[in-house]
Amino acid sequence: MIELRIYIRSGESGHCQNFLEFFHQSPGSICHLNQHQLQEKLKAGDAVVMFDGLDEIFDSGKREDVITAIHRFTNEYPRVRVIVTSRIIGYKPKRLQDAEFHHFILQDLNPAQIQDFVHRWHELTFTDAREKVRICDRMKRALEYSSTIRDLAGNPLLLTIMAILNRSQELPRDRAELYNQASRILLYQWDVERSLVEDSRLDPKTIDAKDKQEMLRRVAWKMQAAPEGLAGNIISAEDLEDILTAYLKNKDFDQPRNRAKLIVNQLRTRNFILCDLGADSYGFIHRSFLEYFCASQVVNRVQALELSLDELKAEVFGPHWDDESWQEVLCLIAGLIAGKLTGEVIQFLIEQDGEVQKFTNLFLAAKCLDEVRDRKVIAAVDSQLLERLKELTKYDLNYSYEPYGEEADLVEKIRTQAVSAIAFTWKEDPETLPWFKQLAQSDDDSAVRRAAVQELARGWKDDPETLTILNEIAEHDDNLGMQVTAVQELLRGWKIDFKILSWLKDVVRFNDDPNQRSSAVQELARGCKDDPGTLPWLKTMAQSYDDWNVQKKAFQELVRGWKHKPEILPWFKQITQSNNYSDVRSSAVEELARGWKHDPETLPWLKQLAQSNDDSIVRRAAVEELARRWKDDPKTLPWLKQLAQSDDGLIVRRAAVEELARGWTDDPETLPWLKQRAQSDDDWDVRSSAVEELARRWKDDPETFELLCDIAINHPCERMFDFQDNPRKIALEIMFKQYPDRPKTLEILRDRFANDPDEQVREFAEKQLAKLDKL
């Protein structure tokens, strides 16, 4: 098994259609095989390929090109295991999900995993039994008593550095100092631990860890000033060398440019704090170090009196408090400067008018406060901020709005975020836990209560009253949403018991809310996966329950949790043939195609289903799955065209037209083919679909507007039923939406209002003319 890695964040791979060549070019993916040998490995599936850093291609068009190239690669080598990495910021999962990628968020190590790591690390590191116990216990105490260290320990790299640091000293209790010590480990002690010898051309006595830290501060600040700012984490090799050269020249080093090149190599290959992104670009190996060095550069300027408090507020916090990519930097600055100065900065944030920005100023202020070691020195600001956040748990708009919609979602988000901020920043305050208990049991707002229940369960699990409160809400609360939340937290943090299992099944059987029923199916499937009764129960729900939402959720959970059981695939195939509900059969087709795409029997089976199944809804589902999951099969496109023209089912023909337009937009034959369907298909409904796709994807083609005009005036449709839409009306709708400023749009609207024989078309034209005040 070979492992290959491409740093796609360099941007170059977006233009590389032949990944086989790129495997030999990309840093970190140096391959000892020739292209033929590599191709054989890929065809056999004897490889794991990682495409690393999708989010750091900043141009959205190039990012789409990369996704398309990756999709093409997975279709060419379907047996290869492929991983694509991206930070959450800027990540849009749909394209990759459509290409059959499963979506995961990499979680931090949990407490049990952290403890296991600590135990194993010390077992392997120390030979002296007493020393091993002493040092290991010191680290365990730090993890137990410091919430900061405990939070950071979930990151494997930082946990490893903590373990190294803990060998010789107590771990720092605040985050900024921990990053400072971690960078020292990487820049100096890391080399010592590995017994590395410095390059003879570079004297280690004259360029030490402090020099490197200072250079990296300047590098981070330069990266911040780039167009992408802190969101980028990228700097050109030329800019990087220029910064280091200028520093060395100012320190009177000989041959500063040559020394700068050597230091860059050292920072990358020996200190592991910078990484080569390809295309002559570099970035910090972990984003936390970019944020720390940028923050420490600001703090250095404050301490050197180059930046006054007023300037810190006006030039650093003022322009950036609403910038997500700056949040960590500002928090670190708050932790690095003196407590009273931090109080002034927090006061500044409190005074900002942040309602339009969803009170980001107050939530950032709470994070900054959490960085302060001695909060007693700013007790007044602490109390003021807490009261403001408690007020936000009651926040509301000053005008009436619908109970379901954007405004309601906004209010709920602000209230619940305030609850979370209080739980995070004031967890150690003795008054916080009683307040949360009261909130969870009696607040007027159910969203606030749910958030309080979640925080109680996760932050105060060991409090003896927490389990009692959760059980009481799960069993007796009048609000079903509260019951579901309590049960979810019980499943998450405590061993499931018969009472919870029975309650979940009752929700599925008796509750009126389809969303709550679906949620109960999901929680039961995931929380009781090892229970032997869960699989047959899910099969029953999927096959015979009289709610389609419950059946669909049961299908999804069966694929998620039991896909590898040999009886599941035949069972799915049986469902697609024998279930009484079309929607259930089509849902089974979707899940089968998603879960067993690489099974050699799936493609021919789906094609047979699409061509010969008696139910057009099932045939449509098969067509959609084939078009989306087997797009690069050379037989798919001609087969879709044939279905679009000749299938007996209208919805199948429409689906074929829509999928062809969606999946083959760049094919030069697609546009003329769609125009032909729009003008001459035997069925007016198919013609309407073709027109809609033309307007959606080829709006700027000069013939599209003319085609719409022709249909709006000359299409001969006579509707048979009131629910049908006249193609003339559809064409008018598109013209009004896509081309409202064209004179011909207004001209045809007036003509149809005056002359169209169909009342539906006349009414639509009248309504649009009224909007334009052109009647």
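Please refer to the structure placed before this passage.
Cut-offs applied
- Residues numbered from 1 in each chain as written.
- Predicted model: local features only at pLDDT ≥ 70, side-chain atom pairs only at ≥ 80, totals over all residues.
- Heavy atoms only, no water.
- Helix = DSSP H or I, 4+ residues; strand = E, 2+ residues; numbered from the N terminus.
- Buried < 20%, exposed > 50% of the residue type's maximum accessible area, 1.4 Å probe, protein only.
- Contact = heavy atoms within 4.5 Å.
- Areas by Shrake-Rupley, 256 points an atom, 1.4 Å probe, with all protein chains shown as cover.
- Expected span 1.5 Å × (residues − 1).
- Polar contact = N/O pair within 3.5 Å; in protein donor to acceptor, adjacent residues only side chain to side chain.
- Pairing = 2+ DSSP bridges.
- Core = buried A, V, L, I, M, F, W, Y, C linked by side-chain atoms within 4.5 Å.
- Salt bridge = Lys/Arg side-chain N within 4 Å of Asp/Glu carboxyl O.
- Phe/Tyr/Trp six-rings, centres within 6.5 Å; stacked < 30°, edge-to-face > 60°.

Asker: Would you mind showing me how to read the overall build of the chain here?
Answerer: Along the backbone of the chain there are 39 helices and 6 strands. The burial tally for the chain puts 51% of its 775 residues in the buried class. Partitioning the contacts of the chain with sequence separation of at least 6, the portion at a separation of at least 24 is 62%. Put simply, the chain shows about 39000 Å² of open surface, and 47% of that area lies on carbon and sulfur atoms.

Asker: Looking at this model, I keep getting lost on the side chain of Thr360. Mind explaining?
Answerer: Take Thr360: it is sitting in helix α17 (residues 360-370). Relative accessible area serves as the criterion here: at 18%, Thr360 is assigned to the buried category. Not counting the four nearest positions on each side in its chain, Thr360 is found in contact with Trp321, Asp322, Gln327 and Gly354.

Asker: Whenever I open this one, helix α6 (residues 129-145) confuses me. Can you help?
Answerer: Along an α-helix, a turn takes 3.6 residues, which lines up residues three or four apart on a common side. The end-to-end C-alpha distance of α6, which contains 17 residues, comes to 24 Å, matching closely the 24 Å that a straight helix rising 1.5 Å per residue would cover. Put simply, Asp128 is the residue that caps the front of α6, since its side-chain oxygen is 3.1 Å from the backbone nitrogen of Arg130.

Asker: Even after reading the chapter, I still don't get the side chain of Glu489, so can you show me in this structure?
Answerer: As for its position among the elements, Glu489 is in helix α23 (residues 480-493). Within the local environment of Glu489, its side chain forms a polar contact with the side chain of Arg458, the two groups lying 2.6 Å apart.

Asker: What am I meant to see in the pairing of strand β6 (residues 281-284) here?
Answerer: Within a regular beta strand, the side chains point alternately toward one face of the sheet and then the other, so they alternate between its two faces. Burial of the side chains of β6 extends over both faces: Ser281 and Gly283 are buried on one face and Tyr282 and Phe284 on the other. By the bridge criterion, 2 bridges tie strand β4 (residues 235-236) to β6 in an arrangement that is antiparallel. Considered in β6, the bridge of Ser236 is made with Ser281.

Asker: Sorry if this is basic, but what is going on with the environment of Ile378 here?
Answerer: Positionally, Ile378 belongs in the loop between α17 and α18 (379-392). With 39 residues separating them in the primary sequence, Ile378 and Gly339 have C-alpha atoms 7.2 Å apart. Apart from residues lying up to four places away in sequence, Ile378 is in contact with Gly339, Lys340, Gly343, Ile346, Leu369 and Val372.

Asker: I keep staring at the nonpolar core and nothing clicks. Help me out?
Answerer: Proteins that are soluble and globular tend to have nonpolar side chains buried together. Of all hydrophobic cores here, the largest spans 211 residues; its most connected members are Phe284 and Ile333. Aside from chain neighbours lying at most four places away, what touches Ile333 is Ala295, Val298, Val299, Leu312, Val316 and Phe317. Listed in part, the 19 residues of the second largest apolar core include Ala47, Val49, Ile70 and Leu96.

Asker: Before we go on, may I ask you to explain the pattern of salt bridges in this structure?
Answerer: Applying the stated criterion across every chain yields a total of 44 salt bridges. The partner of Arg388 in a salt bridge is Glu391, and the shortest N-O contact between them spans 3.9 Å. Here Arg388 pairs with Glu391, and both are found in helix α18, just 3 residues apart, close to one helical turn. On the basis of relative accessible area, Arg388 is assigned to the partly exposed category, the value being 26%. In this structure, a network of salt bridges that share partners links the residues Glu241, Asp242, Arg257 and Lys261.

Asker: How do you make sense of the packing of aromatic side chains when you look at a structure like this?
Answerer: Note on aromatic pairs: each is described by the distance of the centres and the angle between the planes. Scanning all chains against the criterion turns up 14 aromatic pairs. Measuring from ring centre to ring centre gives 5.3 Å for Phe436 and Trp460, while their planes differ by 40 degrees; the resulting arrangement is tilted. With a gap of 24 residues between them, Phe436 in helix α20 (residues 432-442) and Trp460 in the loop between α21 (446-459) and α22 (464-476) connect regions that are remote in the sequence. With respect to class, Phe436 is no different from Trp460; both count as buried.

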